[in-house]
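Structural description and commentary
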Amino acid sequence: MTERGKPLVIITRKLPEAVEARMAELFTVRLNADDRPMTQAELVAAVREADVLVPTVTDRIDRGVIEQAGEKLKLIANYGNGIDNIDIAAAHAKGLHVTNTPNVLNEDTADMTMALILATPRRLVEGANRLREAEVWEGWSPRWMLGRRIWGKKLGIVGMGRIGTAVARRAKAFGLEIHYHNRRRVDPQTEAALEANYWQSLDQMLARMDIISVNCPSTPATFHLLSARRLALVQPHAFIVNTSRGEVIDEKAMVTLIEEERLAGAGLDVFEEQPSGNRKLMRLAAAGKVVLLPHMGSATIEGRIDMGEKVIINIRTLMDGHRPPDRILPTRV
């Protein structure tokens, strides 16, 4: 604790002004005014000094960082829903609490997923770029910029959690036929309302879909869940949309299939190689084969503020001697 009895909270990236202002009222806060990603050495220095570290999904809080934490550190309050950037087992072994910000970005991410489901088959980005880049537009013609209709097509959702369900609600309104694969079947009421078809076999579902939306979390079990073998099952006219985590898809295998026209295209908000990106993907985007977004699925003002409020609640709850509501425990093997 600081002299004023307030915990020292070190924030690794620049947060919305309203969030930073509220934190400054409640805690002794060290901000990142430059919004420059912290190095591993800077992260180590932060955990040695702070009572609370507030990292984001771009900060790698691995065992090497956690083992050097000082005695004051009590909480790693992740500013983000995903926790694959933190070694949860190492933190737990060190006696540290870890929290995240769940259930505030479901609708925002589902909106972006639906946008990619529309944009990719209908070639929206390619069309906008053609108009912007052309010196003279020659006008409409019957065979120009032909895309694919989505009404009546089969959408396969990989991961029917809160975000996947929100995607399904939107997609049903656009006339898509809803299919899904999940570790567990959703409740009968939800399934009936969405007229959703459950597939126990991911392989069988992938082979029959027109559009595939990846909405499962990133875990060791979902790394390359859409492997080269599984991607080869997908029909050549199908599209893949991913707003989850890049590691869920074998990106190199997917790129090869698109290059060889064994897959129609993809809409991606996340990549295996972030932030640099796969150069082949960039070339495919330039050729109009894929739609790429810079990890902005949850980028709304409202969502970012809601995330900050979650972080604040978790910090205050722990400092008041109670269990944080969004505490994360190690996964049992």
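Residues numbered from 1 in each chain as written. Predicted model: local features only at pLDDT ≥ 70, side-chain atom pairs only at ≥ 80, totals over all residues. Heavy atoms only, no water.

A few words now on the sheet that holds strand β5 (residues 97–99). Read across the open sheet, the five strands follow the order β2-β1-β3-β4-β5; overall the sheet is parallel. A strand with exactly one partner marks an edge of an open sheet, and here the two such strands are β2 (28–30) and β5. Each strand of the sheet is rotated relative to its neighbour by a mean of 20°, with strand direction disregarded. By the bridge criterion, two bridges tie strand β3 (residues 52–54) to strand β4 (residues 75–77) in an arrangement that is parallel. Residue pairing across strands places valine 52 opposite leucine 75, the latter belonging to β4. (Pairing = 2+ DSSP bridges. Helix = DSSP H or I, 4+ residues; strand = E, 2+ residues; numbered from the N terminus. Axes fitted to C-alpha atoms, helices over the stretch in contact; angles between N-to-C directions.)

Side chains of Lys252, Arg279, Lys280 and Arg283 sit close together on the surface and give a patch of like positive charge. The topology assignment puts lysine 252 in helix α11 (residues 251–259). (Patch = residues over 30% accessible without salt bridge, like charges linked within 9 Å, V, L, I, M, F, W, Y side chains within 5 Å. Areas by Shrake-Rupley, 256 points an atom, 1.4 Å probe, with all protein chains shown as cover. Salt bridge = Lys/Arg side-chain N within 4 Å of Asp/Glu carboxyl O. Lys, Arg positive; Asp, Glu negative; His and termini not counted. Charge placed at Lys NZ, Arg CZ, Asp CG, Glu CD.)

Before going further, it helps to examine the layout of surface pockets. What the second largest pocket holds in volume is close to 600 Å³. Lining the second largest pocket are 27 residues, with Arg123, Glu126, Ala264, Gly288 and Lys289 positioned closest to its centre. Only α5 (106–122), α6 (124–133), α12 (279–286) and β12 (290–292) provide two or more residues apiece to the lining of the second largest pocket. Here the lining of the second largest pocket gets seven residues from one element, more than from any other, and that element is α6. Across the lining of the second largest pocket, the residue classes break down as 14 nonpolar, five polar and eight charged. (1 Å grid on protein atoms, 1.4 Å probe; cavity = no way out; pocket = protein on both sides within 12 Å on 5 of 7 lines; lining within 4 Å. Points joined across faces, edges and corners; volume = space filled by probe spheres on them. Nonpolar A, V, L, I, M, F, W, Y, C, P; charged D, E, K, R; others polar.)

Before going further, it helps to examine the side chain of serine 244. Looking at where serine 244 falls in the secondary structure, it is placed in the loop between β10 (239–242) and α11. Leaving out residues up to four positions away in the same chain, serine 244 has contacts with Val214, Asn215, Cys216, Pro217 and Val270. (Contact = heavy atoms within 4.5 Å.)

For the structure on display, the rule yields 19 salt bridges. The salt bridge partner of glutamate 126 is arginine 123, with a shortest N-O separation of 2.8 Å. The residue arginine 130 makes a salt bridge to glutamate 126 at a minimum N-O spacing of 3.3 Å. Residue arginine 130 and its partner glutamate 126 are located together in helix α6, separated by four residues, close to a single helical turn.

Our next topic: the environment of proline 102. Positionally, proline 102 belongs in the loop between β5 and α5. When residues no more than four places from it in sequence are discounted, the contact partners of proline 102 are Asn81, Lys310 and Asp326.

Note that every value here comes from positions in space, so none of it alone points to a role or purpose.
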